[in-house]
Protein chains: 2
Amino acid sequence: MRIIVDAMGGDNAPDEVVKGCLEALSVNKQVEIELVGDRKKIEKCLKNCSYDASRLFITDAREEITNNDVPTEAIKKKQNSSIVIGLKKMKNKEGDAFISAGSTGALLAGSLLITGRMKGVHRPALAPVVPSEGGRNTMIIDAGMNTQVKPINYMQFGIMGAEYMKHMFGLESPRVGLVNVGTEEKKGNHQLHQAYQLLKNSNLNFIGNVEGRDITDGKVDVAVCDGLTGNAMLKVMEGTGRFFMDYLKRIYSMSLASKISFLMVRHELKKLKKQIDPEEVGGTPILGVNGIIYKCHGNSKAKAFKNTILKACSSACVTVLEQIRNIFAKMDLGGAYDEAL
Amino acid sequence: MRIIVDAMGGDNAPDEVVKGCLEALSVNKQVEIELVGDRKKIEKCLKNCSYDASRLFITDAREEITNNDVPTEAIKKKQNSSIVIGLKKMKNKEGDAFISAGSTGALLAGSLLITGRMKGVHRPALAPVVPSEGGRNTMIIDAGMNTQVKPINYMQFGIMGAEYMKHMFGLESPRVGLVNVGTEEKKGNHQLHQAYQLLKNSNLNFIGNVEGRDITDGKVDVAVCDGLTGNAMLKVMEGTGRFFMDYLKRIYSMSLASKISFLMVRHELKKLKKQIDPEEVGGTPILGVNGIIYKCHGNSKAKAFKNTILKACSSACVTVLEQIRNIFAKMDLGGAYDEAL
């Protein structure tokens, strides 16, 4: 498999991107990596590094899409940016997956305009997986791609999310829930009622309405919602997590006594950090497009890039893509679904 | 001031409700409290307690609204429930505020059907205040009352929220932000764009779009959103907070060494707990109705009830009510606002 990586995206590019790629190459002895970006800068990072050069490629890309660019315009105009070149390569089957820590808006726009929606998928989605109670993981889908959704979108999010969690996390029958203001069936607005019915009548293991805390409690494996709700939940979780970790860091450095205290529980705190560390989790997949695309956090470091590459080239990831493709190609879009369009 | 309290609402009623009321009576030597609920059960809780009996009243209420009742139906049919009796008493000016830890749906329905919207307010809102970085506090409004909103609602939420934060937290010019999928002005759907413009053109200290983490980072004082987004954020924050506190509790009880290490940081961890403890924060106000109403968490104990009563009878709270009433009575609802209706 060949993974195409945006060498210029994110706050720590290209150094940490390159470092992460080299780490991935040393862990996985089959994967090939193609770095897209400023060739001179990439080569400078590679100087004096030892790696299997037969599996690392560089494609030059001189333009840059910034967070200030209007995403759809940038995708159309900056043809020489790493995101556009990378996505086009994947579209032309010159690569199996694309990873970027660059502009989220541009990557989402590119995934629609260049990679394109899978047949039968109405709206692709950004689908982060967050840690939850008991060492579990829960997907929030959609978490920012669609701020206007219809009932059928919720159902499709559920299907795509369930396939991902099934194959990437080994869950036999992922529990799918609909994020709502309460768990009773009649909660929420008319659109949520319709979505509820579609999910209930599908083949999914639909557990009904769920609330935000069911996600952190690990009571649901795929939490379905519109992009605004999902994005807000995700950002608040990140913020709350950081609030706690910062507080702990502060109190543990306050005095000699507190530093000693830290040493005694250091091992367990390290386990906690590992569980919630975005660097461990790696990038977020975009589901429902004709390719494997992962969005890495803007402040990703080498570990995150390494872990994302390893995810993207796993056989499970390929299975997810194929399964989603098969399901949606076969799906009967008549009847209740059409009404909901 | 007389505060009417639902003695039967919540998991720990009536014992903890009564206990909280007595604690409030001993702190505030002027407030009067009227407990509404099963008289026999209330009197049993009061047995052998010492308190100023001239300031505590009991009104009998034998029906109970449960979380399984359909809220609007329950409000109409269960005329002898503590929520209906309590809200009617406030409407008849037999009390200045109403507090309940009972069914949220019923309290929200009752606040609309019995208490009624303030003149000029299109949609009242549930407005929790959450702790944020640096010892600050941020309001999320709306957090569950309205799952269908229009641009004007966002603006009104901003106005009501700003008044509350101004007087209850002493903020001279509360920063109001619109929860969105990113901070750039053009983010989100058409409705959010319209809401953005209304907020921008208002007299509020509108800081633009904010993301979930700006709430936990304390970068905004009033985060405006629809009820589903707000409720989801709130529940996820609660869940994440609990996730961390449970983890810390676990690791500190693992061994003798860890228990000793806990003693070294106990004071600081206690401060953290106090900052995020819902018992300290107390109830959530419903803004935009003709009265002071606070919803307490279902698992509230005495401290939460005490703190909520003290909030409800504060002069700041009365000022909030009066200010919101004045602002909305004067507000010109023509022009841009009418278009957005």
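Owing to the predicted nature of the structure, the values given are computational and were not obtained by experimental measurement. (Residues numbered from 1 in each chain as written. Chains lettered and ligands numbered in written order. Predicted model: local features only at pLDDT ≥ 70, side-chain atom pairs only at ≥ 80, totals over all residues. Heavy atoms only, no water.)

Some thoughts on the domain arrangement of chain A
Residues and elements named next belong to chain A.
Turning to step 1, where the next piece is worked out: What the domain assignment lists for chain A is domain 1 (1-121 + 288-340) and domain 2 (127-277).
Turning to step 2, where the next piece is worked out: The interface is formed by 24 residues belonging to domain 1 together with 16 residues belonging to domain 2.
Turning to step 3, where the next piece is worked out: Both sides together, the interface formed by domain 1 and domain 2 hides about 1600 Å², and carbon and sulfur atoms give 75% of it.
Turning to step 4, where the next piece is worked out: At the boundary of domain 1 and domain 2, one finds 0 salt bridges.
Turning to step 5, where the next piece is worked out: Counting across the domain 1 and domain 2 interface gives 2 residue pairs in polar contact (both at pLDDT 80 or more).
Turning to step 6, where the next piece is worked out: Listed by contribution, the elements that provide at least two residues to the side of domain 1 that touches domain 2 are α5 (104-115), α12 (302-312), α13 (315-330) and α14 (336-340).
Turning to step 7, where the next piece is worked out: With 8 residues, α13 is the single largest residue contributor to the side of domain 1 that touches domain 2. (Domains from an automatic or database assignment. Contact = heavy atoms within 4.5 Å. Buried area = accessible area lost by both parts, 1.4 Å probe. Salt bridge = Lys/Arg side-chain N within 4 Å of Asp/Glu carboxyl O. Polar contact = N/O pair within 3.5 Å; in protein donor to acceptor, adjacent residues only side chain to side chain. Helix = DSSP H or I, 4+ residues; strand = E, 2+ residues; numbered from the N terminus.)

Here we look at the sheet that holds strand β9 (residues 205-210) of chain B
All names here are of chain B.
Turning to step 1, where the next piece is worked out: Strand order in the open sheet formed by 5 strands is β6-β7-β10-β8-β9, and the pairing between neighbours is mixed. Two strands in the sheet have a free side with no partner beyond their single neighbour: β6 (129-132) and β9. Pairs of neighbouring strands in the sheet enclose a mean axial angle of 30°, with direction left out of account. (Pairing = 2+ DSSP bridges. Axes fitted to C-alpha atoms, helices over the stretch in contact; angles between N-to-C directions.)

A word on the relation of the copies chain A and chain B
Turning to step 1, where the next piece is worked out: With an axial shift of 0.0 Å and an RMSD of 0.1 Å, the rotation relating chain A to chain B amounts to 180°. Such a combination of rotation and displacement between the chain copies is what one expects of a two-fold axis. Identified as the residue of chain A closest to the rotation axis by C-alpha distance is Ser261 of chain A, at 1.9 Å.
Turning to step 2, where the next piece is worked out: Of the interface residues in chain A, 98% have counterparts in chain B that sit at the interface too, so the contact is made through matching surfaces. (Least-squares fit on C-alpha atoms with pLDDT ≥ 70 in both.)

Comments concerning the environment of Phe57 of chain B
All names here are of chain B.
Turning to step 1, where the next piece is worked out: Relative to the helices and strands, Phe57 is located in strand β3 (residues 56-60).
Turning to step 2, where the next piece is worked out: According to the relative accessible area criterion, Phe57 is partly exposed, its value standing at 27%.
Turning to step 3, where the next piece is worked out: Between the C-alpha atom of Phe57 and that of Ala316, which follows or precedes it by 259 residues, the distance is 24 Å.
Turning to step 4, where the next piece is worked out: When sequence neighbours within four positions are dropped, the list of residues in contact with Phe57 reads Arg2, Glu32, Ile33, Glu34 and Leu35. (Buried < 20%, exposed > 50% of the residue type's maximum accessible area, 1.4 Å probe, protein only.)

Some words on the interface of chain A and chain B
Turning to step 1, where the next piece is worked out: Chain A puts 56 residues into the contact, and the matching count from chain B is 55 residues.
Turning to step 2, where the next piece is worked out: Both faces considered, chain A and chain B share a buried interface measuring about 4900 Å² in area, 66% of it formed by carbon and sulfur atoms.
Turning to step 3, where the next piece is worked out: The largest share of the area that chain A buries against chain B comes from Leu228, Phe243 and Phe244 of chain A, three residues that together contribute 14% of it.
Turning to step 4, where the next piece is worked out: Taken together, the links from chain A to chain B amount to 8 salt bridges.
Turning to step 5, where the next piece is worked out: With its nearest N and O atoms 2.9 Å apart, the salt bridge here joins Arg213 of chain B to Glu238 of chain A.
Turning to step 6, where the next piece is worked out: Elements that contribute at least two residues to the side of chain A that touches chain B include exactly α7 (190-200), α8 (212-216), α9 (227-252) and α10 (256-276) of chain A.
Turning to step 7, where the next piece is worked out: Here the residues of the side of chain A that touches chain B sort into 23 nonpolar, 21 polar and 12 charged. (Nonpolar A, V, L, I, M, F, W, Y, C, P; charged D, E, K, R; others polar.)

A closer look at the side chain of Arg2 of chain A
Residues and elements named next belong to chain A.
Turning to step 1, where the next piece is worked out: Inspection of the secondary structure assignment puts Arg2 in strand β1 (residues 2-6).
Turning to step 2, where the next piece is worked out: Within the local environment of Arg2, its side chain forms a polar contact with the side chain of Glu34, the two groups lying 2.8 Å apart.
Turning to step 3, where the next piece is worked out: If we skip the residues at most four places from it in the chain, Arg2 touches Glu32, Glu34, Phe57, Glu94, Gly95, Asp96 and Ala97.

Let's talk about the nonpolar core
Inside soluble globular proteins, nonpolar side chains tend to come together where they are buried.
Turning to step 1, where the next piece is worked out: The biggest cluster of nonpolar side chains holds 67 residues, and the ones touching the most others in it are Ile3, Ile33, Leu35, Ile141, Met160, Tyr164 and Leu178 of chain A.
Turning to step 2, where the next piece is worked out: Here the element with the most residues in this core is helix α6 (residues 151-169) of chain A; it accounts for 10 residues.
Turning to step 3, where the next piece is worked out: Counting contributing residues per domain, this core is built from domain 1 (1-121 + 288-340) and domain 2 (127-277) of chain A, each supplying no fewer than three.
Turning to step 4, where the next piece is worked out: Counting residues in each nonpolar core, the second largest holds 65 residues, with Val5, Ala7, Ala24 and Met160 of chain B among its members. (Core = buried A, V, L, I, M, F, W, Y, C linked by side-chain atoms within 4.5 Å.)

As for the environment of Ile99 of chain B
Residue and element names in this part refer to chain B.
Turning to step 1, where the next piece is worked out: Looking at the element boundaries, Ile99 is found in strand β4 (residues 97-100).
Turning to step 2, where the next piece is worked out: Its relative accessible area of 0% is what places Ile99 among the buried residues.
Turning to step 3, where the next piece is worked out: Residues contacting Ile99, with those up to four places away along its chain left out, are Ile3, Ile4, Val5, Asp6, Tyr294, Cys296, Thr308, Ile309 and Ala312.

As for the packing of aromatic side chains
Turning to step 1, where the next piece is worked out: On inspection of all chains with the given rule, the structure shows 7 aromatic pairs over all chains.
Turning to step 2, where the next piece is worked out: A centroid spacing of 5.4 Å and a plane angle of 55° characterise the contact between Tyr252 of chain A and Phe262 of chain A, whose relative ring orientation is tilted. With Tyr252 of chain A in helix α9 and Phe262 of chain A in helix α10, the pair connects residues that are 10 residues apart, well separated along the chain.
Turning to step 3, where the next piece is worked out: With relative accessibility at 31%, the residue Phe262 of chain A sits in the partly exposed group.
Turning to step 4, where the next piece is worked out: Ring-pair connections join several aromatic residues into one group, and the members of that group are Phe243 and Phe244 of chain A together with Phe243 and Phe244 of chain B.
Turning to step 5, where the next piece is worked out: A cation over a ring is seen here: Arg2 of chain A above Phe57 of chain A, with NZ or CZ 3.8 Å from the ring centre. (Phe/Tyr/Trp six-rings, centres within 6.5 Å; stacked < 30°, edge-to-face > 60°. Lys NZ or Arg CZ within 6 Å of the ring centre and 35° of its normal.)

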